[in-house]
Protein chains: 2
Amino acid sequence: MKKRTEYCGLITEAYIGQEITIKGWINRRRDLGGLIFIHLRDREGIMQVVFNQEKNAELFALAESMRHEYIIEVTGKVVLREEAQINSNIDTGTIELEVTEAAILAKAKTPPFTIDDDQPVADELRMKYRYMDLRKVRMMKNLKLRHQTTKAIRNYLDNEAFLDVETPYLTKSTPEGARDYVVPSRVYPGTFYALPQSPQLFKQLLMGAGVDRYYQIVRCFRDEDLRGDRQPEFTQVDLETSFMSAEEIQTLTEGMMKKVVKETLGQDIQVPFPRMSYDEAMGRFGSDKPDTRFGLELIDLQEFAQNTSFKVFQQALENGGQVKGLNLKAKADNFSRKDMDGLTDYIKQYGAKGLAWVKVTEEGLNGPVAKFFAEDSETLVAAMSAEPGDLLMFVADKKEVVAQSLGELRLKFGREFKMIDESKLDFLWVVDWPLLEYDEDEKRYVALHHPFTRPKEEDVQLMEEHPEQVRAQAYDIVLNGYEIGGGSLRINTREMQEKMFEALGFTPEEAEQQFGFLLGAFDHGFPPHGGLALGLDRLVMILAGETNIREVIAFPKNGKAFDPMTNAPSEVSDRQLKELSLRLTVED
Amino acid sequence: MKKRTEYCGLITEAYIGQEITIKGWINRRRDLGGLIFIHLRDREGIMQVVFNQEKNAELFALAESMRHEYIIEVTGKVVLREEAQINSNIDTGTIELEVTEAAILAKAKTPPFTIDDDQPVADELRMKYRYMDLRKVRMMKNLKLRHQTTKAIRNYLDNEAFLDVETPYLTKSTPEGARDYVVPSRVYPGTFYALPQSPQLFKQLLMGAGVDRYYQIVRCFRDEDLRGDRQPEFTQVDLETSFMSAEEIQTLTEGMMKKVVKETLGQDIQVPFPRMSYDEAMGRFGSDKPDTRFGLELIDLQEFAQNTSFKVFQQALENGGQVKGLNLKAKADNFSRKDMDGLTDYIKQYGAKGLAWVKVTEEGLNGPVAKFFAEDSETLVAAMSAEPGDLLMFVADKKEVVAQSLGELRLKFGREFKMIDESKLDFLWVVDWPLLEYDEDEKRYVALHHPFTRPKEEDVQLMEEHPEQVRAQAYDIVLNGYEIGGGSLRINTREMQEKMFEALGFTPEEAEQQFGFLLGAFDHGFPPHGGLALGLDRLVMILAGETNIREVIAFPKNGKAFDPMTNAPSEVSDRQLKELSLRLTVED
């Protein structure tokens, strides 16, 4: 084997006249009678290599035996292509290699699919042959982007005096949060480690240890039912600091994002990012992670609804609910009555009982509920800033239902009518989150972020009487409508932490049993601290312009947490089960 | 809370006259009537702050209430200390802070142990209060050293065009290697993921994907009975390359180690590292990871033993064994007959049947077996390069027993007689490993490295008839007698891999079931490739001058894979077990 002198994709006209050796996969092969042209591919790109029968019949015969995805090594001289041969689709399109030596390093069967970004391939097939799927330019680009992203993050945090500290993966199972993946212990029969959902408590304890600034790019695990952008394991950029304010942590994060975007996409983004309160985000966009790349905001119709004769609106208010609307400008003609029924069905999945709508025409309002606005149509038109051609939609319901159903409708229209400027990166802080929310299933309050989040000083007095009114010192970072991270200042005293556990319905004994080590640590000089965790997969996905995090993970699981390549999870031997003191309650 | 202007430990005389704000833990507090001196500690070091009753009685009263490990924030002016107050034990020993503002940020109970490197504390107590143990200067230094090490490695590999690619933690359990930690699947009852013992197959598949140069600093898991330098989870610097030779991979690794040592300890190390064959290492040092910082090599006595009248020696040879000796120069007088009995017991744990020994005196040989050398004592003395005062020891046994017992004895003497230059960093490559070894328990051949290691081309023909003679294209990197890493070129064809599985006693069906995805990948254009994995914990341990990897892991487990701080592993709820279709075979 000769030594490679350069990657295929990095050869430029500066190499003309030089002898080089390159290695790679055969991406394409054309036999033009006496000349064989091969597109040789490596991770950096493609280089054309030419075998000339006249010049070397033996090499030519070898080239005739080469097939797609064979790995070859070729040596030769870089030359300028003839004018007619220039290919502007590849970076090396003006040059080619005249082969003087060649060897086949590995043969290949006919591939299960063509290594070509433009050929759609079924997801399961892509995952089964992931090692071939990753050969595609798009996937290799995504892997590199991920590398560049983590590198930029590490360099930034190194520079800001953060210490990269590794925390355990075999940890203690705790009842709060999502479902844990557990790992049976062989040494202590009947006990289990848990894989971390996040290194939350360890990073807080590192603050107690005086590490002052910690970060880690770390795998986290959640045994949840999966969605498009969820995986059983995911990667978090986890950081924690002592003695910093929420604003300082946000500023630091902004600096990091600025560097990441600059070093991956070459773009300059504006800092500071806008801050929006949770209430404002829910009110204007019906979402705690608003996509601010387009308008179509929710319009509050409380005042109108108080005075209208439309009973449905009034009742919603009387029941403590809300009435809000969307004005889809100039799109009235795009929607048939049947289309509107479809939209009604669409928002019913978010709990809405119905969607009221009218079209604005030169002659006035039009549609099934138009008659209810006979007397106050002008007030409505004014409140909605409506003009002829607009489609107006209304939801009157509980606050949460109004927000979610109109928020989702807004996003649907935004996508369908291409209102979203896809070239934009719209960062946003959502701040002033509620500390707790009432869980109807569990019949108790649960932490909206996690039980270690510090409440706002001025709201602490509400903890017992009106827990739902307490705001947290918490902040989420949103990018293009995705929550890419969240953080908070944390509780650092036993007294406050016990108050929090009490609000969550823990008995003192339960609190002590589960979190005694944290409460104990608070007794020994624990600094004020706070931090943030970013979802790396989602961040890279957005930077890569992808819509599923699977595209930026080298070996993801499918939608059922299964790996079609290795067939994991799989059965284990009886000996293994016995060693772990376990028995299955299912038949093999 | 005011903004901190600098870390305590980083304040220098350049700050004199400036007003600064620092925050930290009270490490020491002296009340000298009207003056209170506090040593304030943060992660970078210690700064003395002074409260003066005359200047500010209110602040002084506050300072009187301060105790060890309280966290305080102080503002004041940096001044030069009086001559008599200069403390050369701390970096900031010539300066102090005259406090003008102060606040207590967190109180602390009396600590379970003093935060002082020089006070020995029981291991279990240190681990239970790890967040306090890490406050020690030594531990904080170790965390920083680990950070610097990984940073140097990442920068080096980034620069060498390696891509950092994350591989899954929820993988497939395979029968080869150590015992897996497994993770029950909820979605597929009765099946399990395995936590990776190393990302070996994934990194090979990345080579199949064309990543060309991969690295990852990654957690690995082994459910083994633990030893001093083992942990259930450990961190590996994992790398893999395509198209490179073993020598090129070694050179690359040497460059990496050179950078690491330079950037952590500031030392220049010599490259290339010496290469020694496995046979030579075993022969000269009785170890496959020789500590080459000192001599005391094993002396081969085959020639002498063939001709001596000492039956034990001759028999050993006749049985296919070896006779080797150690010459402990000028130490004969240090050992009584009882001491020698102790040494005999010591090597019996390595399978030796006995230890023959003689002392060399001016009058000839002395000791229980001296009489057997009556006729050839001079030949023996010459073969051992012995002089009066030397203690000669011999083991005649099977090759492996001779190597291990004398090898361990050599290390014991090396430590006890301080023959080892602790300031040295002795790197070494051990190459030409056997591919397979016969496992007496399993009655079959097992891979000495792993089943994916490529045999030497010239030895492949021996695979079926003399598998034990086949050498591998494998290399270990040894530092100061520790194996800090190992690597190899890998098999990249189905044909060779199937041959290897056959040698390991797999049926074709078993091979296909367990490793079918790898064999399949070889069919689709798989490049020649090879790599290396370094044990990060052990490397940092050696650089830190520690002797247990626990000292360089933030939150280690104890010797029984238990965490005394969080009490992991612990019981999980019946609901969790039911969801996982598991039942315990032990009583609660």
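The rules we used
- Residues numbered from 1 in each chain as written.
- Chains lettered and ligands numbered in written order.
- Predicted model: local features only at pLDDT ≥ 70, side-chain atom pairs only at ≥ 80, totals over all residues.
- Heavy atoms only, no water.
- UniProt positions renumbered as here; feature names shortened; annotations may be inferred.
- Phe/Tyr/Trp six-rings, centres within 6.5 Å; stacked < 30°, edge-to-face > 60°.
- Helix = DSSP H or I, 4+ residues; strand = E, 2+ residues; numbered from the N terminus.
- Lys NZ or Arg CZ within 6 Å of the ring centre and 35° of its normal.
- Contact = heavy atoms within 4.5 Å.
- Polar contact = N/O pair within 3.5 Å; in protein donor to acceptor, adjacent residues only side chain to side chain.
- Salt bridge = Lys/Arg side-chain N within 4 Å of Asp/Glu carboxyl O.
- Buried < 20%, exposed > 50% of the residue type's maximum accessible area, 1.4 Å probe, protein only.
- Axes fitted to C-alpha atoms, helices over the stretch in contact; angles between N-to-C directions.
- Parallel < 35°, antiparallel > 145°, perpendicular 65-115°, else oblique.
- Left-handed = near helix turned anticlockwise from the far one by under 90°.
- Nonpolar A, V, L, I, M, F, W, Y, C, P; charged D, E, K, R; others polar.
- Domains from an automatic or database assignment.
- Pairing = 2+ DSSP bridges.

Chain A is annotated in an unreviewed UniProt entry as Aspartate--tRNA ligase from Jeotgalibaca porci. We quote the UniProt Subcellular location (unreviewed entry) comment for chain A here in full: "Cytoplasm". The record in UniProt for chain A states the following under Function (unreviewed entry): "Catalyzes the attachment of L-aspartate to tRNA(Asp) in a two-step reaction: L-aspartate is first activated by ATP to form Asp-AMP and then transferred to the acceptor end of tRNA(Asp)."

Undergrad: Is there a simple way to explain the packing of aromatic side chains in this structure?
TA: For any pair of aromatic rings, the description consists of the separation of the ring centres together with the inter-plane angle of the planes. Inspection of the entire model under this criterion finds 57 aromatic pairs over all chains. Their ring planes at 55° and their centres at 5.6 Å tell us that Phe562(A) and Tyr188(B) sit as a pair that is tilted. With one member in each of two chains, Phe562(A) in the loop between α15 (536–543) and α16 (574–579) and Tyr188(B) in the loop between β7 (182–184) and β8 (192–194) form a pair that bridges those chains. Seen in terms of ring centroids, Tyr169(B) and Phe221(B) are 6.0 Å apart; in terms of plane orientation they differ by 85°. Their pairing is edge-to-face. Linking Tyr169(B) in the loop between β6 (163–164) and β7 with Phe221(B) in strand β9 (residues 213–221), this pair joins segments that are 52 residues apart in sequence. Chaining the aromatic ring pairs together yields one cluster made of Phe304(A), Phe310(A), Phe313(A), Phe372(A), Phe373(A) and Phe394(A). Over the aromatic face of Tyr346(A) sits the side chain of Lys412(A), whose NZ or CZ is 4.7 Å from the ring centroid. We note Arg410(B) situated over the ring of Phe294(B); from NZ or CZ to the ring centre the distance is 3.9 Å.

Undergrad: Help me understand the UniProt feature "binding site: L-aspartate" (unreviewed entry) in chain A, please; the structure alone is not making it clear to me.
TA: All names here are of chain A. Taken from the UniProt record, the annotation "binding site: L-aspartate" (unreviewed entry) applies to Glu176, Arg222, His449 and Arg490. Along the polypeptide, Glu176 turns up in the loop between β6 (163–164) and β7 (182–184). The contacts of Glu176, once residues within four sequence positions are left out, are Gln197, Arg444, Pro451, Leu504 and Phe506. By the secondary structure assignment, His449 is in the loop between β19 (444–447) and β20 (474–479). Within the structure, His449 has its side chain in polar contact with the side chain of Asp476 (distance 2.8 Å).

Undergrad: Would you explain the pattern of salt bridges in this entry?
TA: Oppositely charged side chains may form a pair once their charged atoms are brought near each other. Residues and elements named next belong to chain B. For the structure shown, the criterion picks out 101 salt bridges over all chains. Asp133 is paired through a salt bridge with Arg126; the nearest N and O atoms lie 2.9 Å apart. For Asp133, a relative accessible area of 0% gives the class buried. With relative accessibility at 7%, the residue Arg126 sits in the buried group.

Undergrad: Looking at this structure, how should I read the packing of helix α10 (residues 337–348) of chain A against helix α12 (residues 399–416) of chain A?
TA: Between two packed helices, what matters for the description is the angle formed by their axes and the separation of those axes. Residues and elements named next belong to chain A. Taken N-terminus to C-terminus, the directions of α10 and α12 make an angle of 130°; their axes are 9 Å apart at the nearest point. As the angle between them shows, α10 and α12 are arranged oblique. Regarding α10 and α12, the two cross each other, and that crossing is right-handed. Within the contact between the two elements, α10 uses Leu343, Tyr346 and Ile347 and α12 uses Ser405, Glu408, Leu409, Lys412, Phe413 and Arg415. In the contact of α10 with α12, the residues fall into five nonpolar, one polar and three charged.

Undergrad: It is not clear to me how the domain arrangement of chain A should be interpreted in this structure. Could you clarify?
TA: When the parts of a complex come together, some accessible area is lost, and that lost area is often used as the size of the interface. By the assigned domains, chain A splits into domain 1 (13–106), domain 2 (124–276 + 530–580), domain 3 (294–417) and domain 4 (434–471 + 493–526). Between the C-alpha centres of domain 2 of chain A and domain 3 of chain A there is a distance of 40 Å.

Undergrad: Would you mind going over the sheet that holds strand β14 (residues 356–361) of chain B with me for this structure?
TA: Strands belonging to one sheet form pairs held by backbone hydrogen bonds; the direction of such a pair is parallel or antiparallel. Residue and element names in this part refer to chain B. The five strands are arranged β12-β13-β16-β14-β15 in an open sheet whose pairing can be described as antiparallel. Where the open sheet ends on each side, the last strands, each with one partner, are β12 (299–300) and β15 (364–366). Looking at chain direction, β14 and β15 are connected through three bridges and run antiparallel. The residue of β15 that forms the bridge with Thr361 is Gly364.

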